[in-house]
Amino acid sequence: MITSVLLEKIKHINTLIHCITNISCRWSPEEETFHKMMKLFVVVLLATLAIAKPNSPPCLGCPSEVGDEKGTHDATEALKDALKKLAAGDGPHYSLHIVHKATTQVIQGHLYKLNADLVDENNDIKNCDVEIIDFKEVTVTFKCGKESPLTRKYSH
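Here the structure is a predicted model, which means the values were calculated and not measured. (Residues numbered from 1 in each chain as written. Predicted model: local features only at pLDDT ≥ 70, side-chain atom pairs only at ≥ 80, totals over all residues. Heavy atoms only, no water.)

*Asks:* Got a sec to walk through unusual backbone geometry? Specific residues and values, please.
*Replies:* Between G91 and the following residue, P92, the backbone shows a cis peptide bond with an omega angle of 10 degrees. Following the sequence through the fold, P92 ends up in the loop between α3 (69-88) and β2 (95-107). Unlike most non-glycine residues, N123 shows phi in positive territory, near 65 degrees. Mapped onto the elements, N123 comes out in the loop between β3 (109-119) and β4 (125-134). (Helix = DSSP H or I, 4+ residues; strand = E, 2+ residues; numbered from the N terminus.)

What follows is the structure, given as structure tokens:
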């Protein structure tokens, strides 16, 4: 019984392959229904695959967009701590206005990349891309508008 059903499906597949490779093809009404259903199945499958997000674990060591409250808090705190330490030394003397976007990456330590509005000593607001590498020492690089990038280091 199972063998006859399997043989019938193989026959349908062979007919489909034959019809794809040859332009002219005549199907019985049952075969026409089968082929329409297969086309519908393929369309639904492709649409599902196009919109479905994989539920796989994150890539270890890859940058990840900070979207949750804890991740945003960690990135913001790293930036606030860096601004505080730098202001106590050679500067620059910025304060945080708002964080727009942040990513984090585990390297031999942590790498934070943030886009934030910072307030300078003249109370001017600058949009800056800030990179913080926190390993044995902390390296902070500011890229604000058309200004030259500014890098500062400090120890913990």
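*Asks:* Run through the side chain of T139, naming residues and quoting values.
*Replies:* Mapped onto the elements, T139 comes out in strand β5 (residues 137-144). Here T139 falls in the buried class, since its relative accessible area comes to 15%. Beyond its immediate sequence surroundings of up to four residues, T139 is in contact with E131, I132, I133, T151, R152 and K153. (Buried < 20%, exposed > 50% of the residue type's maximum accessible area, 1.4 Å probe, protein only. Contact = heavy atoms within 4.5 Å.)

*Asks:* I'd like a rundown of the side chain of Q105, residues and numbers included.
*Replies:* When you line up the elements, Q105 lands in strand β2. With a relative accessible area of 17%, Q105 lands in the buried category.

*Asks:* I'd love a proper account of the layout of surface pockets, names of residues and values included.
*Replies:* For the largest pocket, the calculated volume is near 160 Å³. Around the largest pocket, the lining is made up of ten residues, and of these C59, G61, C62, S64 and V106 lie nearest the centre. Looking at the lining of the largest pocket, the element that brings in the most residues is β2, giving three residues. A class-by-class count of the residues in the lining of the largest pocket yields six nonpolar, four polar and no charged. (1 Å grid on protein atoms, 1.4 Å probe; cavity = no way out; pocket = protein on both sides within 12 Å on 5 of 7 lines; lining within 4 Å. Points joined across faces, edges and corners; volume = space filled by probe spheres on them. Nonpolar A, V, L, I, M, F, W, Y, C, P; charged D, E, K, R; others polar.)

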